[in-house]
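Architecture at a glance
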Amino acid sequence: MGIWELFLVGLSLSMDAFAVSICKGLSVRKLSISHALICGIYFGGFQALMPVIGYFLGGTFSGLLQSIGYWLAFILLALIGANMVRESFGEEESLNDDFSPKAMLPLAVATSIDALAVGVAYAAVDVEIGPAAAIIGVTTFVCSAIGVKIGAVFGAKFSALAERAGGAVLILIGLKTLLQGLGVLA
C-alpha cells in the first residue's frame, strides 16, 4: 500500500474524530488552542495506537490471514465504511464542553475502534505498521484540531458529509485492495 492510500485511510478513519471534534468546538464558549490540542492528542494518539494493536492481533493469526487476507481487508474496510455512512444519517453528536481525561478517553476509544480493525486488515496484507500508524495518527491529530476550530466557527453543518465521504473512501480502498489481491489490478 502506497503513501497516498495510507493517507486516504488515515483521512477516512479520522472522520469520526473530526465529527466529534466539531461538536467539541461547538460546545466551547471561548475557543483556545488547548481545546484543539487536547482533541488532536487524544484522537490522534488513539487512532495511531489502535492499528498497531490490531496489527499484532492479526499477526497472531498470520497463517490464516495469508490465504484470506485480501478478502478480509475488503470486508473489514467495506463494513467500517458502510457503518460510517450509516452513522452519518443518524442523530447529531451531543454537545459537551468537558475536555477532561474522563470525558476524552471514552470518546478517543470509541472513535478509534475502526482503526483496530484496519490494523488487523493491515496484518493480513502485510502493510508496514509503523509508518501506517504514524500517518493515521498525524492525519487524525490535524483533522481533530481543525474540527474543533470549524465547530467553533461554522457549527456541525458539514460533519455528516465528512463522515459519509470518509466511509465511501474506505469502501473504495477496500475494493481496490481486493481487486489487487485477486490480480485484477496491478
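Located above this text is the structure these notes cover.
Residues numbered from 1 in each chain as written. Predicted model: local features only at pLDDT ≥ 70, side-chain atom pairs only at ≥ 80, totals over all residues. Heavy atoms only, no water.

Thoughts on the overall build of the protein
- A count of helices and strands for the protein gives six helices and zero strands.
- N-terminal to C-terminal, the α/β element order of the protein is α-α-α-α-α-α.
- When each of the 186 residues of the protein is scored for burial, the buried share is 46%.
- In the protein, 94% of the contacts between residues at least 6 apart in sequence involve partners at least 24 apart.
- When the accessible surface of the protein is split by element, carbon and sulfur atoms take 71% of a total near 9100 Å². (Helix = DSSP H or I, 4+ residues; strand = E, 2+ residues; numbered from the N terminus. Buried < 20%, exposed > 50% of the residue type's maximum accessible area, 1.4 Å probe, protein only. Contact = heavy atoms within 4.5 Å. Areas by Shrake-Rupley, 256 points an atom, 1.4 Å probe, with all protein chains shown as cover.)

Concerning a nonpolar patch on the surface
- A cluster of nonpolar side chains, I68, W71, I75, L79, L182, V184 and L185, forms an exposed patch at the surface whose accessible area comes to about 670 Å².
- Within the secondary structure, V184 sits in the segment after α6 (159-181).
- Given the relative accessible area of 56%, V184 is considered exposed. (Patch = residues over 30% accessible without salt bridge, like charges linked within 9 Å, V, L, I, M, F, W, Y side chains within 5 Å. Salt bridge = Lys/Arg side-chain N within 4 Å of Asp/Glu carboxyl O.)

Observations regarding the environment of A78
- By the secondary structure assignment, A78 is in helix α3 (residues 62-88).
- Counting along the chain gives 96 residues from A78 to G174, while the straight-line C-alpha distance between them is 5.9 Å.

Regarding the packing of aromatic side chains
- Counted according to the given criterion, the structure contains two aromatic pairs.
- Geometrically, the ring pair formed by Y55 and F56 is edge-to-face, given 5.5 Å between the ring centres and 90° between the ring planes.
- By relative accessible area, which is 52% here, F56 ends up exposed. (Phe/Tyr/Trp six-rings, centres within 6.5 Å; stacked < 30°, edge-to-face > 60°.)

A look at the side chain of T139
- Relative to the helices and strands, T139 resides in helix α5 (residues 129-153).
- Within polar-contact distance, the side chain of T139 engages the backbone oxygen of I135 at 2.6 Å.
- What T139 contacts, discounting residues up to four positions off in sequence, is F7, G10, L11 and S14. (Polar contact = N/O pair within 3.5 Å; in protein donor to acceptor, adjacent residues only side chain to side chain.)

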